[in-house]
Amino acid sequence: MIKINLLPYREAQRQQQFQLIIILWVCVALVGVGIVFGVDYYISSLIADQELIKSNQEAEISRLDKELGEIKNINSKKEELQKLLDTIASLRRNRFLEVHLLDELTKAIPEKVWLDRLITKTGELELTGGAESNAHVADFMKKLDLSPYFGEVSLSRVTQDEKNNQKTKGFILKAKITNPAPGTPIPVQTKTGK
């Protein structure tokens, strides 16, 4: 009978299997290292992209902040100009106010009433004068009250005076100065002979 020694073959087969297992482990390790490096590279590229996006957004924010500052500057200049325009419009509207006030006073004052002093304060008028009777003072107050340039006409004081050996009434009237809106019809007052 022929005897075959299979031991070296099995030993060689074991050696071959061991080498195959080691090669497989090395391949698995290489694939694992490749995967780790690949994931690391991918994550690094994502981080780099996000940092680039962040720096672009920060640059855009700084540019928009600069534009916003310019817009705020323009808005503040616009507000200043609007205040100037409002002041000019107010001056234009009030430039003839004193003329109209004096004109209205001359139209409203009756013949037997005279003025000694006229004082204007901010929005107020104080008239000091005299009249021959209380009726003339009342008539003067009514006419002032009808004028669109005067409002809230009130009698502050009435005194009994003597002028040129005649008894007269001294008075102090106060009235608010109003400036009618443009286009408001102004009633025409005529001087009466009383």
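Everything discussed here concerns the structure shown above.
J.: What exactly am I supposed to notice about the nonpolar core here?
T.: General note: in soluble globular proteins, nonpolar side chains tend to be found buried as a group. Among the nonpolar cores identified, the biggest contains 20 residues, and Leu127, Phe140, Leu144, Phe150, Phe171 and Leu173 are the most heavily contacted of them. Counting only elements with at least two residues in this core, the list comes to α2 (97-108), β2 (124-131), α3 (134-146), β3 (150-163) and β4 (166-177). Ignoring any residue separated from it by four or fewer positions in sequence, one finds Leu127 in contact with Leu105, Leu115, Arg117, Leu118, Phe140, Leu144, Phe171, Ile172 and Leu173.

J.: Sorry if this is basic, but what is going on with the environment of Ser156 here?
T.: Structurally, Ser156 can be placed in strand β3. Here the alpha-carbon distance between Ser156 and Leu173, two residues 17 residues apart in the chain, equals 5.6 Å. Beyond its immediate chain neighbours, meaning those up to four positions away, Ser156 contacts Ile172 and Lys174.

J.: What exactly am I supposed to notice about the pairing of β2 here?
T.: Taken residue by residue, a regular strand's side chains alternate between the two faces of the sheet. Among the eight residues that make up β2, seven are buried, leaving the element largely enclosed by the rest of the structure. Sheet topology note: the strand β1 (residues 113-121)/β2 ladder contains eight bridges and is antiparallel. Bridged to Val113 within β2 is Ala131. In this structure, the hairpin formed by β1 and β2 is closed by a connection of two residues, where Gly123 is found at a positive phi of approximately 75°.

J.: Would you take a moment to explain the sheet that holds β2 for this structure?
T.: Paired through backbone hydrogen bonds, the strands of a sheet run either parallel or antiparallel to each other. In space, the four strands of this open sheet follow the order β1-β2-β4-β3, with antiparallel pairing throughout. A strand with exactly one partner marks an edge of an open sheet, and here the two such strands are β1 and β3. Between one strand axis and the next, the sheet turns by 15° as a mean value, whatever way the strands run. Across eight bridges, β2 lies against β4 in antiparallel orientation. For Leu127, the partnering residue across the bridge sits in β4 and is Leu173.

Scoring rules and cut-offs
- Residues numbered from 1 in each chain as written.
- Predicted model: local features only at pLDDT ≥ 70, side-chain atom pairs only at ≥ 80, totals over all residues.
- Heavy atoms only, no water.
- Core = buried A, V, L, I, M, F, W, Y, C linked by side-chain atoms within 4.5 Å.
- Buried < 20%, exposed > 50% of the residue type's maximum accessible area, 1.4 Å probe, protein only.
- Helix = DSSP H or I, 4+ residues; strand = E, 2+ residues; numbered from the N terminus.
- Contact = heavy atoms within 4.5 Å.
- Pairing = 2+ DSSP bridges.
- Axes fitted to C-alpha atoms, helices over the stretch in contact; angles between N-to-C directions.

Limitation: the analysis is restricted to geometry and does not speak to function.
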